[in-house]
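# Structural characterization, general
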Amino acid sequence: MKFMQEEGSVLTCMVTQCSYNQAEECHAEEIQVGAGHATCDTFTTSGAIERARDEGEVGACDMTQCHFNSNRDCDAAGITVGSHEQHADCVTYRPEMPA
């Protein structure tokens with residue numbers, strides 16, 4: 001597990017059945033966080049994938065109502081991906097507070 005990486009990096013991924021997961025570290029070049037529900041749209045169980053050498057980062061976040069979302073960029077110090085029902089979620093998601 002990593003602590004305080006650059007903004008939008010994946011600190012840890014607890015979805016061990018994902019093909020990009022190695023020892024709870026995400027090795028996708030970039031992940032996509034979906035709209036409507038903070039799903040990790042990059043999650044896959046396909047064994048035939050190319051892993052990046054470094055840790056993953058959020059390439060784009062479509063959860064525009066998230067506190068950490070700035071023009072689809074993730075401003076969180078780092079995110080955690082975890083299991084939710086049958087899919088992977090960004091568990092760092094926080095609803096934007098009304099002004």
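The structure under discussion appears in the preceding block.
Residues numbered from 1 in each chain as written. Predicted model: local features only at pLDDT ≥ 70, side-chain atom pairs only at ≥ 80, totals over all residues. Heavy atoms only, no water.

On to the overall build of the protein. A tally of regular secondary structure across the protein gives zero helices and nine strands. Reading the protein from its N end, one meets helices and strands in the order β-β-β-β-β-β-β-β-β. A compact globule built from 99 residues should have a C-alpha radius of gyration of about 13 Å, and the protein, at 13 Å, falls within 12% of that. When its C-alpha atoms are laid out on the principal axes, the protein stretches across 45 × 25 × 20 Å. In the protein, 68% of the contacts between residues at least 6 apart in sequence involve partners at least 24 apart. Accessible area for the protein stands at about 6,000 Å²; split by element, carbon and sulfur atoms hold 46% of it. (Helix = DSSP H or I, 4+ residues; strand = E, 2+ residues; numbered from the N terminus. Rg over C-alpha atoms; globule rule 2.2 N^0.38 Å. Contact = heavy atoms within 4.5 Å. Areas by Shrake-Rupley, 256 points an atom, 1.4 Å probe, with all protein chains shown as cover.)

Let's shift gears to the pattern of salt bridges. This model, assessed by the stated rule, comprises one salt bridge. The partner of Arg-72 in a salt bridge is Asp-62, with the nearest N and O atoms 2.7 Å apart. Taken together, the residues Arg-72 in the loop between strand E6 (69-70) and strand E7 (73-74) and Asp-62 in the loop between strand E5 (58-61) and E6 connect sequence positions ten residues apart. Residue Asp-62 is classed as partly exposed on the basis of its relative accessible area, which comes to 25%. (Salt bridge = Lys/Arg side-chain N within 4 Å of Asp/Glu carboxyl O. Buried < 20%, exposed > 50% of the residue type's maximum accessible area, 1.4 Å probe, protein only.)

Another point: the side chain of Thr-42. Along the polypeptide, Thr-42 turns up in the loop between strand E4 (31-33) and E5. Residue classification places Thr-42 among the buried residues on the basis of a relative accessible area of 18%. Looking at Thr-42, its side chain comes within polar contact range of the main-chain nitrogen of Gln-32, at 2.8 Å. Other than its neighbours up to four places away in sequence, Thr-42 contacts Tyr-20, Ala-28, Glu-30, Ile-31 and Gln-32. (Polar contact = N/O pair within 3.5 Å; in protein donor to acceptor, adjacent residues only side chain to side chain.)

This brings us to the sheet that holds strand E9 (residues 87-90). Strand order in the open sheet made by the three strands is E1-E8-E9, with mixed pairing throughout. Since the sheet does not close on itself, it has two edges, and those belong to strand E1 (10-13) and E9, each with one partner. Strand-to-strand twist in this sheet, taken as the mean axis angle between neighbours without regard to direction, amounts to 30 degrees. Pairing of strand E8 (residues 79-84) with E9 involves four bridges; the strand directions are antiparallel. (Pairing = 2+ DSSP bridges. Axes fitted to C-alpha atoms, helices over the stretch in contact; angles between N-to-C directions.)

Attention now moves to the nonpolar core. A general feature of soluble globular proteins is that nonpolar side chains tend to end up buried together. If you look at the biggest cluster of nonpolar residues, it comprises 21 residues, and the most contacted ones within it are Ile-31, Val-33, Val-58, Ile-79 and Val-81. Among the elements of the structure, E1, E4, E5, E8 and E9 are those that each provide at least two residues to this core. Residues contacting Val-33, with those up to four places away along its chain left out, are Ala-38, Thr-39, Asp-41, Val-58, Ala-60, Cys-61, Asp-62, Met-63 and Cys-90. (Core = buried A, V, L, I, M, F, W, Y, C linked by side-chain atoms within 4.5 Å.)

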